[in-house]
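Chain residues, written in single-letter form:
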Amino acid sequence: MAAKDEIFFRKLFDETHAKAFNFLKALSKDENVAREISQTSFIKIWKHIDKFKKHPNPQALVYVTVKNTFLDEMRKQNRLNAVLTSIEENEYLNHTIADTGNEGPASGETFTAVHQAIEKLPKRIQHIYTLYQFEELSPVEIADTLQLSITTIRTNIEMAKLFLRRELKNFRN
């Protein structure tokens, strides 16, 4: 049964992927975003391959899936952007690791706490945040280096900042 599913999926993928990718690229104006959403869409298709096999026009269902996945991602980004805007408007939240400083007797303790907090981050977010904060790469440079979308990079940086602010709240003035 699985071999038949793979053959059907491969045929469906070959027939629709290029057009779906170009559609997403035109909508998003970003090749990396189009690549990510295309990949997510085809993973969804694979997970629900039986639904596609039974559908009278599986190619049309592919495009509906791709469009809906794009819209879901845009809604998610809009919610995230609203949260980030809210955070930026609250000046007191704009402190990061660089703001913990090296002054005073607790500087060694602060450094240790910062290091431990960074180690708690998921590896991917930890890597992105380290490139941003310590290597001083811009989100665009990180996106190019890691072959991810700029939106993904910015989201990961903000997630890291939020997490580290919570973890390091005892070290702030």
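For the structure, see preceding data.
Residues numbered from 1 in each chain as written. Predicted model: local features only at pLDDT ≥ 70, side-chain atom pairs only at ≥ 80, totals over all residues. Heavy atoms only, no water.

Peer 1: Explain unusual backbone geometry to me, and be specific about the residues and the numbers.
Peer 2: Excluding glycine, a negative phi dihedral is what most residues carry, and trans is how most peptide bonds are arranged. Of note, the phi angle at Lys 29 is positive, near 60 degrees, even though the residue is not glycine. Within the secondary structure, Lys 29 sits in the loop between α1 (2-28) and α2 (31-47). For Lys 29, a relative accessible area of 72% puts it in the exposed group. A positive phi angle, near 55 degrees, is found at Gln 147, a position not held by glycine. Its location among the elements puts Gln 147 in the loop between α7 (139-146) and α8 (150-167). With relative accessibility at 55%, the residue Gln 147 sits in the exposed group. (Helix = DSSP H or I, 4+ residues; strand = E, 2+ residues; numbered from the N terminus. Buried < 20%, exposed > 50% of the residue type's maximum accessible area, 1.4 Å probe, protein only.)

Peer 1: Tell me about the nonpolar core, residues and numbers included.
Peer 2: Counting residues in hydrophobic clusters, the biggest one holds 18 residues, and the most contacted among them are Leu 121, Ile 128, Ile 153, Leu 164 and Leu 168. Taken together, the elements giving at least two residues each to this core come down to α5 (107-120), α6 (123-133), α7 and α8. Here this core gets five residues from one element, more than from any other, and that element is α8. By size, the runner-up hydrophobic cluster in this structure holds 16 residues, among which are Ala 20, Ile 37, Ile 45 and Phe 70. (Core = buried A, V, L, I, M, F, W, Y, C linked by side-chain atoms within 4.5 Å.)

Peer 1: Account for the packing of α1 against α2, with residues named and values stated.
Peer 2: Here α1 crosses α2 at 150 degrees, and the two axes come no closer than 9 Å. Classified by the angle their axes make, α1 and α2 are roughly antiparallel. Relative to α2, the crossing made by α1 is right-handed. Here Asp 5, Glu 6, Phe 9, Leu 12, Phe 13, Thr 16, His 17, Ala 20, Phe 21, Leu 24, Lys 25 and Ser 28 of α1 come into contact with α2, specifically with Glu 31, Val 33, Ala 34, Arg 35, Ile 37, Ser 38, Phe 42, Ile 45 and Trp 46. (Axes fitted to C-alpha atoms, helices over the stretch in contact; angles between N-to-C directions. Parallel < 35°, antiparallel > 145°, perpendicular 65-115°, else oblique. Left-handed = near helix turned anticlockwise from the far one by under 90°. Contact = heavy atoms within 4.5 Å.)

Peer 1: I'd love a proper account of the pattern of salt bridges, names of residues and values included.
Peer 2: Summed over the entire model, instances satisfying the criterion amount to seven salt bridges. Here Glu 15 and Lys 11 are joined by a salt bridge, their closest N and O atoms 2.9 Å apart. With a gap of four residues between them, Glu 15 and Lys 11 both fall in helix α1, about one helical turn apart. Residue Glu 15 is classed as partly exposed on the basis of its relative accessible area of 36%. For the salt bridge of Asp 72 with Arg 75, the shortest nitrogen-to-oxygen distance reads 3.0 Å. Here the residue Asp 72 and the residue Arg 75 both occupy positions in helix α4 (residues 58-89), the gap between them amounting to three residues, near one helical turn. (Salt bridge = Lys/Arg side-chain N within 4 Å of Asp/Glu carboxyl O.)

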